[in-house]
Amino acid sequence: MSDPLDAQIVPPPSTSGVPLENGGTSSSRQEPTGLSASSSKLNGHVPNGTSEQTQIIDDDKKFTPDLAAQIERWGFRNAGFNYNIVAVFGSQSTGKSTLLNRLFGTTFDVMDETKRQQTTKGIWMCRGEGMGVMVMDVEGTDGRERGEDQDFERKSALFSLASSEVMIINLWEHQIGLYQGANLGLLKTVLEVNLGLFGKRVQGGPQSRTLLLFVIRDHTHVTPLSNLQNTLTADLTRIWDSLLKPPALEHTQLSDYFDLSFTTLPHKILEAQRFEDEVALLRERFTMKGREDYLFKDVYHKRIPADGVALYMEHIWEQVQTNKDLDLPTQQELLAQFRCDEISTTALTEFNQQAKSQKRTIEAGRVIEGLGGLMRDWRDQALARYDRDASRYHQGVYSRKRLDMHATIASTLSPLFLGQLKNLHKACLSAFKSALHAALDHDGYNFAEVVDKARSNYETKFQEGAKEACIEEKEWSWEDDMGLLREEMANVADICRKDETKKMVNLIERNFKKQISEPVDVALNKAAPDMWDRVLGAFKQSLDNAKSSYLNKAKTFNCTEDENAIALWSLYQRAWLALRAKIDEQAADNAILGKLRSHFEERFRYDDQGVPRVWQPDDDIDGEFRKAKEQTLALVPLYSKISPVDLSLEYTPPPPPPNTTGSSALEEDFDFPSSLIIFSESKCLDITARFRRDADAYYVEAKRSTVSSIAQVPYWMYGVMVVLGWNEAMLVLFNPLYFMMSLLMATAAYVTAKLGLTGPLLQLSKTMAGEIQQQATNRLREHFSQPVLERPIHGQSIRATTSTNPTTTTGDYFDTDAAKGRAQHVEGENSAFVGQ
Ligand SMILES: Nc1nc2c(ncn2[C@@H]2O[C@H](COP(=O)(O)OP(=O)(O)OP(=O)(O)O)[C@@H](O)[C@H]2O)c(=O)[nH]1
C-alpha cells in the first residue's frame, strides 16, 4: 500500500523482548532472524505505541467509547491504511490468547492453569508490538459461562469478519472431524454471517475477501497437515453447500469470499522449543511483506483509514447489536460522511483563524500586499489537511465534501477579496488624483500625456492587485470594478481638465489685462479723434494673442471643438469686460475731469511752445480762455462712447456658440451695445458743468495774476532808497562799532563762501522767505475772501456768493461774461487794497 504521507510517520523503536503471559517478558525468547528489521521495515511508518490492551466490547455487549483514544495512543492516528487487523476465533481455553501474545507480542490475559475458567470475555484489542497490527482477542465459543446462548458467538463472528483482514480459527488437532469439537458449528456461523454481510456485493463481484487462517494446535505429526487441511476444506465446503442462500447467490463458491490457509503448531508444553520456533515462523508470515505466503494481503484490507476504525467498529457493533442488516458499503459511506465532516471542520477551524487575522486590516480600508498569495496558502493548506485525512474514505463522499469545503472556503474568502478590490479601487483612485495634481504643479506639462500616464499606471496597478487577489478565477471577477475605476478616473481627469482650462483662461485673461493696460492708458490720456482706434487696435492685438495662447494650450487638454468654442467665447467676453473695466478706471469722474483739466491747462496756461504763460494786462485772456474751453469740451462726447474713426477697427463680439446655456455666468449680464457707452447724456452734462467751474477758476486766477504783476515795486524806488539811506550808510562806515560789526559780518560771509555753505544758507533763507511769503499771501487771501460788505472798503458792494476757490463755489453757474464782470469787481477791489 502506498501513501504519500507514509514517509512522515515516525518508525517505531526496536524491542529487546516480547511480553509473555500476564505482562511478563521473556528475554530468552528470540525473535526470528531479521524479524526486527522486517517488522520495522514493514511498519516503520507506524509509531511504536503502547501495547496496552483494551476491552472494546464488554461482557454486557457494550462498545467502549475509548477506542478512538486508544488507537491514537497506539500511534495509529495518521497511519491511514498502513495498519492491519487480525482476530482470533475458537473454542474457549484453546490457547488463543497465548498464541496471540506469542505471535504479536500482545498482552492479553491468559488462563490461570489452576482454575480452568474463561479468561477472555467480550472482545479485547491490543496493538501488536513493533508492528502496525491491531489484534482482536474474541471471547471463546462453546463457553460454559454463556451456555446455550449463541447470540454473542454470532455477533462477535459478524463483527470480526466485518473488521478484520485475517481471522485466525484456533482449534486442537483432535477436534478435527468432530462436529462440535472441530467447531463446525462455529464455522457454519462464520459462513452464514458472511453471506449476510458480503452477499449483497457479490452481484457486482466480491470486493473484499477475508483470510481464514486455521491454526491446528498440539499437532502430533501423526496426521500430516495436508490430510487435516483436506478434512477441514471438505467440511467447510459441505457447510457452504448446505447453507440456505438467497437466489442471487445460489451459485457462489466459498472461494468467492474466503481464502483458506492452514498451519500447525506443536504442543506448547511437551514440545516447548519447537512450539516457539513454529510460532516465530508463523509470525514472519504476518510481518514480512515480501514473502509469498505473507498473510496481510492488500485484498483483505477493509479500506477503513486508521483514524476511522474506532467509529467504524462502533457503527458495525451498533448494527450488529440491533440485529439490523449490516450493509458494509453503506456503513463505509456513513463513516466517510461523518469523518469527512469532522476532518473538514478541523481543517476549516484553522483556516478561519487565518482568514480572520486579515479581516480587520481589510475592514480598516487598507490594501494587503500579496493577499492572493496568503489566501491561496490558507486554502491549499486547508484542502491539503482535508485531502491527507479524508482522501482515504469513500471517494464519492470525499469528493463531495471537498467541493462543499471548497465552496465554504471561497465564501469565507470572498469578502476579503471584495474588500481588497474596494480598497485597491480607492487607493488607485486617490493615487491617480495625487499623481495628476503633482504633475500639474509643474510648468510646461502636457495635460493629455499626464492623464494618460497616470491612468495607465494606476489601471495596471489595480489590474495586477486584483488579479493577484482573485484566486477563484471562475467565480470571482474584478473586471466590473476595473470598468468603474476607469470611469471614475475619467471623471476625475475631466474635472481636473475643466479646472485647468479655467486656470489657463484666467491666466490668459491676466496677461491680456497687462497687455492692454498701457496702450489704453496712453491712448486715453492723450485725447485725440483716433483715440478709440488706438484702444481697439491694441485690444484686438491682445485678443489675438490670447486666442492663440489658448488654442496652443487647449491642444494638450484634449478639449473638444465645442469646449474650445465655449471657452473662447467666454474669453472674448471677459477680455471685452476687462477692457471696459480699464476704460472705466480711466473714465472715472475725477480721472476724466483731470484729463479735461490738463487738456484745458495745456491750451490755456501754456503757449504754443509749451512755455507757461505770464498774463499781461493787454493779453487776450478771454479769447484764449474761450478757445481752450471749447476745445476741451469737445472731448466730452469723444470720451462718452467707444467709436473708432476707422470703422474696420470696430469690434463685434462673436455670437454665442450653440449649447452654451448655463456654461457661462457672463452670458446673462453681457450686453455689448450698451457696453460701448462710457457716459450717459446726463453724465456728459454733469462732467461739462463741473469742468466749466474748474475752467472758470483758471480764468479768475489768470486775471488775478495780471493784477499781481501790476502791483510790482517800480525801479526808481531803489534810487529813492539809496538817496534816502545815504546818511545811514555813512554812519555805519564811520562808527567803529558799526564798522567792526560790518567787518565781522563780511568775514563771516567770506568764510561761509569759502566753506561752500553758501548754497545751504541760501536755500535756508529761500525757504524761510518762501514760508513768510506764503503766510503773508494766505493772510491776504483770507482777508479778501471775506464778503466785501464786511470789509471796510469804500466803493460799491458785490454779491456775497462769489469765491476764488472753484471747489467751494455754491452759487449758480455763471458763464464767461458773468466771470468777466466778477473779475472786474475783484480787480477793482485789488486796486483799492493796493492803494491802501
Ligand atoms: N496443551 C496446550 N495447552 C496450551 C497451549 N497453549 C496454551 N495452553 C494452555 O491452555 C490454557 C488456556 O490458555 P489461554 O491462552 O488462556 O486460552 P484461551 O483460549 O485464550 O482461553 P479463553 O480466553 O478463556 O477462551 C492455559 O493454561 C495455557 O497454558 C498449547 O499449545 N497446548
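Worth saying up front: this structure is predicted, and the values here are computed from it rather than measured.

**Considering a nonpolar patch on the surface**
Among the surface-exposed residues, Y750, V751, L755, L757, L761, L764, M768 and I772 lie close enough to one another that they form a single nonpolar patch of about 820 Å² accessible area. Secondary-structure elements contributing two or more residues to the nonpolar patch are helix 23 (736-754) and helix 24 (758-785).

**Quick notes on the packing of helix 14 (residues 531-556) against helix 15 (residues 561-586)**
Two quantities define a packed helix pair, namely the angle between the helix axes and the distance between the axes. It is at 10 Å that the axes of helix 14 and helix 15 come closest, and there the two elements cross at 150 degrees. Considering how the two elements wind past one another, helix 14 and helix 15 form a crossing that is right-handed. Within the contact between the two elements, helix 14 uses W532, V535, L536, F539, L543, A546, K547, Y550, L551 and A554 and helix 15 uses E563, N564, A567, L568, L571, Y572, A575, W576, L579 and I583. Here the contact of helix 14 with helix 15 is built from residues that sort into 17 nonpolar, one polar and two charged.

**Remarks on the side chain of E165**
In this fold, E165 is placed in the loop between helix 4 (151-163) and strand 7 (166-172). Buried charge without a salt bridge: E165, with K302 as the nearest opposite-charge side chain at an N-O distance of 7.3 Å. Within the structure, E165 has its side chain in polar contact with the side chain of N84 (distance 2.7 Å). Within the local environment of E165, its side chain forms a polar contact with the backbone nitrogen of I85, the two atoms lying 2.8 Å apart. Other than its neighbours up to four places away in sequence, E165 contacts Y83, N84, I85, T210, L211, F296, K297, Y300, H301 and K302.

**Re the UniProt feature "binding site: GTP" (unreviewed entry) in the protein**
Per the UniProt record, "binding site: GTP" (unreviewed entry) is found at G90, S91, Q92, S93, T94, G95, K96 and S97. Take G90: it is sitting in strand 4 (residues 84-90). Exposure remark for G90: the relative accessible area of 0% places this residue in the buried category. Checked against the element boundaries, Q92 lands in the loop between strand 4 and helix 3 (96-104). Residue class for Q92 comes out buried when judged on its relative accessible area of 17%.

**Digging into the sheet that holds strand 5 (residues 123-127)**
An order of 3-5-6-4-7-8-9 is seen for the seven strands of this open sheet, with the pairing classed as mixed. If you trace the sheet from one side to the other, it starts and ends with strand 3 (54-57) and strand 9 (258-264), each paired once. Within this sheet the neighbouring strands show an average axis-to-axis angle of 25 degrees, counted without direction. Here helix 6 (residues 225-242) sits on the sheet in contact with strand 7, strand 8 (210-217) and strand 9, set at roughly 145 degrees to strand 9.

**As for the nonpolar core**
Membership of the largest hydrophobic core comes to 122 residues, with the highest contact counts inside it found for F159, M313, L413 and Y550. In terms of residue count, the dominant contributor to this core is helix 11 (residues 395-440) (15 residues). Each residue touching M313, except ones within four places of it in the same chain, is listed here: I56, F63, L67, I85, M125, M136, F159 and S163. Membership of the second largest hydrophobic core comes to 46 residues, among which are V520, W532, A578 and I678.

The rules behind these values
Residues numbered from 1 in each chain as written. Predicted model: local features only at pLDDT ≥ 70, side-chain atom pairs only at ≥ 80, totals over all residues. Heavy atoms only, no water. Patch = residues over 30% accessible without salt bridge, like charges linked within 9 Å, V, L, I, M, F, W, Y side chains within 5 Å. Areas by Shrake-Rupley, 256 points an atom, 1.4 Å probe, with all protein chains shown as cover. Salt bridge = Lys/Arg side-chain N within 4 Å of Asp/Glu carboxyl O. Helix = DSSP H or I, 4+ residues; strand = E, 2+ residues; numbered from the N terminus. Axes fitted to C-alpha atoms, helices over the stretch in contact; angles between N-to-C directions. Left-handed = near helix turned anticlockwise from the far one by under 90°. Contact = heavy atoms within 4.5 Å. Nonpolar A, V, L, I, M, F, W, Y, C, P; charged D, E, K, R; others polar. Buried < 20%, exposed > 50% of the residue type's maximum accessible area, 1.4 Å probe, protein only. Lys, Arg positive; Asp, Glu negative; His and termini not counted. Polar contact = N/O pair within 3.5 Å; in protein donor to acceptor, adjacent residues only side chain to side chain. UniProt positions renumbered as here; feature names shortened; annotations may be inferred. Pairing = 2+ DSSP bridges. Core = buried A, V, L, I, M, F, W, Y, C linked by side-chain atoms within 4.5 Å.

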